[in-house]
Structures are given as structure tokens and as C-alpha cells.
Amino acid sequence: DRKEIMFIKERNICDVCQSNNLVNVIDLGFSPIANKFCREKNTEIEAFPLVLDFCKDCFNLQLRHCFDASYLYDETYAYSTPSATSLDSHYSDTLKKLIELDAISDKSTVVEIGSNNGNFLATLQKFSGKVLGIDPASNVTAVANCCGIPTITGFFDEDISQIIAADFGDVDLLVARHMFAHNSTAVEMMKGVRGCLASDGTFLVENAYAIETLLKGEFDQVYHEHMFYYSASSINKLMTNFGFELYDIFFSDVHGGSASFFICNKGQRPISSQVTECLEKEQELFTNKDTFVQFQDGVYELKNQVNQFLDKCVNKGDTIAVYSVPNKLFTFLSFIEFPLNKIKFMVDTSPAKVGKFYPNSNIKIISESELAVRDCDVFLIGAWNYKREIIERAPSLFKPGTKLVFALPFFDVVVV
């Protein structure tokens, strides 16, 4: 229903510094909203523009067109944080960093914004005093609560932060992992941070790192749920606006290259050399126009490479399917423009997706158990960020000789 889609008007200023000194990075065309699956085949879903802009003043990258969060995160929201060895390892590494920074202790009050099913909080729970999750999707908060992670359903803002401060006390560690970019404006969320973070507390923001996204050509990280693509420079500018400052950074390979930004009240902690070095590196990269030209050229080159490979497969009579259907797949398929009617089926492990249909197609999403009775020669891998786990499981999932296509961060075909 068009009426229920609350579309925020096109942004023509930077949301971090309010500058109008914006330039276009890439126009990825039109895509359906990710994670909106259909109960019937061939259900027509409207596609919306995906345009990425760059602020030359504060080095912010942002989506030009944004949706109201209440539409993105209703009861149909299909993403649930998976169990994966790479994520478990990352959680462990993050915990070690928090302990090293003295940002967590057995007396700490820990709150995670956008906590999903509570997997990360479960890692922190036994190393802290008490934990609380907040997430707007009621279906995933129910899962978290069933798993023993206290979680409330709602959008984090100043009002909720005051309730937390009153009922839970000042927050020693406030976490926003891979969701801080999921708002059309950061102002309301930052007011909430201001309202509940302890004076000596740490605010941890983890997101796909803008530099990695650009240098690796990870264009499929751009979808409607991701409204910002943060660099250390833009995070530091945003935090300064609210009386905070970036004091340390932790990089990881998770989700194609992520950065964990550790933030405190201004003057509370020394600034690490990692921050200084990172800001200098970004200054060099963001002021070099070749950074953006190479990103654009690489994206279009990859589009041609994928289509040439898949066209050859079709001409040989190979059957093509998709394994894993993450948000990024929506952007990927829309931009690549490979005909959806040539994809036989899709496979996913999420119960919220299995049995549904991919928008604007008759492609049904099946479970891994159904995969055993399906014949397929080529699988386009949606969740390329879990490449290691997928390859490890491949012999038990796919028939010998099956080709697995990992398009990013570089084009690679693995034969089972």
C-alpha cells in the first residue's frame, strides 16, 4: 500500500554538518526495500532510488533518499543475527578490546541499541553487571527474551534513554553495532546517548567502514536500511557536535571490513595514536578524486564480469540459483540486472524468509534441507561476507562440481 510508505524527502544537505557541499559518489538505480519478502509469487513491489552522496566538508557518506524507520522495522523484519564462527571470534575480540580499554567490568551496566536476537549481549552478559537490549522489531526481541537476554521493543531516542537512566541507572557501556547508520538522522539517537551514558562511560559504534566499502568496491553495502556510511572523520565530527569525542578505533574483517569506534565524553580519555593516524589517512584518501573514480569504475567492471559469467552459464544450459538472501542481495541483483526469471530458486537459513518469494519474481526461498533434492549447477552467493563458513560447509550442502560464485570483495568462483 503506497499510503503506508512514509518516504522522507530527498536530502540535499549533509546530516552531520549541514553543509550543502555534496557530490554524488554513485547512482545504483532503483531497488526494492531489502528484507521485504512476499507471500505470493510475482508480487509487484515498488523499487526506490539508491544514490550515495559524499560531503566534501566533513567526509560524510549518506544515502540521498530515506524511509521512515517504522516502515523498515515492522513485524515483517526478516533479519536475525546468524550464528557463525567468524562472528563468535569477532565478539571475543571486541570483548578483549573493551576489557583492555577498561570499558567493561563485572559491575558495568551495558545497553545495546539494535540488539536484534541478543547474540552479542550474550557474550558480554557474564562479564558485566547487567545487560539490556533495545530493538524496534518485535519478532526478534521475542527471540532475545526467550534466550535470557532482557530486551525491550522500541526505537532508541531521548525518551527511552531517560526511562533507562531512571530504571537502570547510568549506562557504563552503550553499544550500537551495525545499526547506527540505520536512521535518516542521527540527532534523535545522539540525544538519547546524551541522556543515559555515564560521565565516564563508553559509547561503542560499530559499522561497515566507509574506506573499506570504497576501496573494495562493496557497492551492495548500499541499501535503504543503511542511510550513512561512516568514516572516522564523519563519526568524530558528529560526536564533537554533541560533546563527545572519538578516543580509539578497532578494525576487523567482519561484514567485509568494519570499524569499531570508541567514544567518550570530551576530555575523559586520552586519544589513541590509532585515531590520529586514521584521520590523516582519510584526509589523504577523501581529497583524492581517484578514490571515487576507481570505486565507480570497479563497480561497473564487476557488473560486466558477473553478467558475462552468468550468461555463459545460461548458454551452456546450467541452472542458476542463489544461496543466502541478505539485504545486500537486493542491491546486487537490482544493479547487476541479471534476469530474475533465469534464477530457479533461493536458499536461506532464516525461518522468516523460507517459504516466501523474492519481490517481483516467482523465485521461492527454500530451506537448506530442501536443497538436497534440488539440482543446480551454479550458486550465486548472497552473503559473501561469510565466505569461509560457506566453503567449509560446501561439501555437505552442494553436490560435487557445483560452482559457487562469490562476486565480492573480488570475483571468485569456487568449485565444490
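Rules and cut-offs
Residues numbered from 1 in each chain as written. Predicted model: local features only at pLDDT ≥ 70, side-chain atom pairs only at ≥ 80, totals over all residues. Heavy atoms only, no water. Helix = DSSP H or I, 4+ residues; strand = E, 2+ residues; numbered from the N terminus. Buried < 20%, exposed > 50% of the residue type's maximum accessible area, 1.4 Å probe, protein only. Contact = heavy atoms within 4.5 Å. Pairing = 2+ DSSP bridges. Axes fitted to C-alpha atoms, helices over the stretch in contact; angles between N-to-C directions. pLDDT = per-residue confidence, 0-100. Phe/Tyr/Trp six-rings, centres within 6.5 Å; stacked < 30°, edge-to-face > 60°. Core = buried A, V, L, I, M, F, W, Y, C linked by side-chain atoms within 4.5 Å.

K.L.:
Please give an account of the environment of Phe54 that cites residues and values.
P.N.:
Inspection of the secondary structure assignment puts Phe54 in strand 3 (residues 48–55). The exposure class of Phe54 is buried, given its relative accessible area of 2%. Contacts of Phe54, omitting those with residues within four sequence positions, involve Asn21, Leu22, Val23, Val25, Phe59, Asn60, Leu61, Phe286 and Phe292.

K.L.:
I'd like a description of the sheet that holds strand 19 (residues 412–415), backed by residues and values.
P.N.:
Taking strand neighbours across the sheet as the criterion, the six strands line up as 16-15-14-17-18-19 in an open arrangement whose pairing is mixed. In the strand order of this sheet, the two ends are held by strand 16 (365–366) and strand 19, each with one partner. Bridging between strand 18 (residues 403–406) and strand 19 involves four bridges; their strand directions are antiparallel. Residue Lys403 lies in a different strand from strand 19, and its bridge partner there is Val415. Lying over the sheet, helix 10 (residues 290–315) contacts strand 14 (320–323), strand 17 (378–381), strand 18 and strand 19, oriented at roughly 130° with respect to strand 14. Helix-sheet contacts for helix 13 (residues 387–397) involve strand 14, strand 17, strand 18 and strand 19, and the interaxial angle to strand 18 is about 165°.

K.L.:
Requested: an account of unusual backbone geometry, with residues and values cited.
P.N.:
Following Leu408, the chain continues into Pro409 via a peptide bond in cis, with omega recorded as 0°. Although it is not a glycine, Asn35 adopts a positive phi angle of roughly 75°. On the secondary structure map, Asn35 appears in the loop between strand 2 (22–31) and strand 3. Residue classification places Asn35 among the buried residues on the basis of a relative accessible area of 3%. One non-glycine residue, Glu337, lies in positive phi territory at about 65°. Inspection of the secondary structure assignment puts Glu337 in the loop between helix 11 (327–336) and strand 15 (343–347).

K.L.:
I'd like a rundown of the confidence of the model for the protein chain, residues and numbers included.
P.N.:
Across the protein chain, the average pLDDT comes to 90, with 93% of residues at or above 70. Taken as a whole, residues 1–5 scores under 50 in pLDDT and shows six contacts with residues more than four places along the chain or in a different chain.

K.L.:
Provide a residue-level description of helix 11, including the pertinent values.
P.N.:
Burial within helix 11 is extensive, with nine of its ten residues counted as buried. Those residues of helix 11 that sit buried are Asn327, Lys328, Leu329, Phe330, Thr331, Phe332, Leu333, Phe335 and Ile336. For helix 11, the elements touching its buried residues are strand 2, strand 3, helix 10, strand 14, strand 15 and strand 17. Just past helix 11, the residue Glu337 takes up positive phi, approximately 65°.

K.L.:
I'd like a description of the side chain of Asn207, backed by residues and values.
P.N.:
Considering the arrangement of structural elements, one finds Asn207 in strand 10 (residues 197–208). Look at Asn207 and you get buried, because its relative accessible area is 5%. If near-sequence neighbours (up to four positions away) are discounted, Asn207 is found in contact with His178, Met179, Phe180, Ala181, Tyr230, Ser258 and Ala259.

K.L.:
Explain the sheet that holds strand 11 (residues 228–229) to me, using residue names and the numbers behind them.
P.N.:
As summarised here, the arrangement of the four strands in space is 2-3-4-11, forming an open sheet in which the pairing is antiparallel. Strand pairing shows two members of the sheet lacking a second neighbour, strand 2 and strand 11, which therefore form its edges. Pairing of strand 2 with strand 3, which is carried by seven bridges, proceeds in the antiparallel orientation. The residue of strand 3 that forms the bridge with Leu22 is Cys55. Packed on one face of the sheet, helix 11 meets strand 2 and strand 3 and runs near 85° to strand 2.

K.L.:
Please give an account of the pairing of strand 3 that cites residues and values.
P.N.:
Along any regular strand the residues' side chains alternate between the sheet's two faces. Most of strand 3 sits inside the fold, with eight of its eight residues counted as buried. Note that strand 3 and strand 4 (residues 61–63) share three bridges and pair antiparallel. Residue pairing for strand 4: Phe54 is matched across the bridge by Leu61. With antiparallel pairing between neighbouring strands as the criterion, strand 3 and strand 4 make up a hairpin whose turn holds five residues, including Phe59 at a positive phi of roughly 65°.

K.L.:
Tell me about the packing of aromatic side chains, and name the residues and values.
P.N.:
Taken as a whole and judged by the stated rule, the model has 20 aromatic pairs. Note on Phe180 and Phe203: the rings are 5.8 Å apart at their centroids and 75° apart in plane angle, and the pair reads as edge-to-face. Linking Phe180 in the loop between strand 9 (171–177) and helix 6 (187–196) with Phe203 in strand 10, this pair joins segments that are 23 residues apart in sequence. When sorted by exposure, Phe180 lands in the same class as Phe203, which is buried. Both rings, one in Tyr300 and one in Phe335, keep their centres 5.3 Å apart while their planes meet at 65°; by these two values the pair is edge-to-face.

K.L.:
Give a detailed account of the environment of Lys191, specifying residues and quantitative values.
P.N.:
Relative to the helices and strands, Lys191 resides in helix 6. Classification of Lys191 as partly exposed rests on a relative accessible area of 33%. A sequence separation of 30 residues divides Lys191 from Ser161, and the C-alpha atoms of the two residues are 8.5 Å apart. Contacts of Lys191, omitting those with residues within four sequence positions, involve Glu158 and Ser161.

K.L.:
Break down the nonpolar core for me, citing the residues and quoting the values.
P.N.:
Core analysis: the biggest nonpolar cluster contains 132 residues, and Phe180, Phe203, Phe261 and Phe379 have the highest contact counts within it. Examining the composition of this core, we find that eight residues originate from one element, helix 10, more than from any other. In this structure, Phe180 is in contact with Ala186, Met189, Met190, Phe203, Val205, Asn207, Tyr230, Ile235, Leu238 and Met239, ignoring residues within four places of it in sequence.

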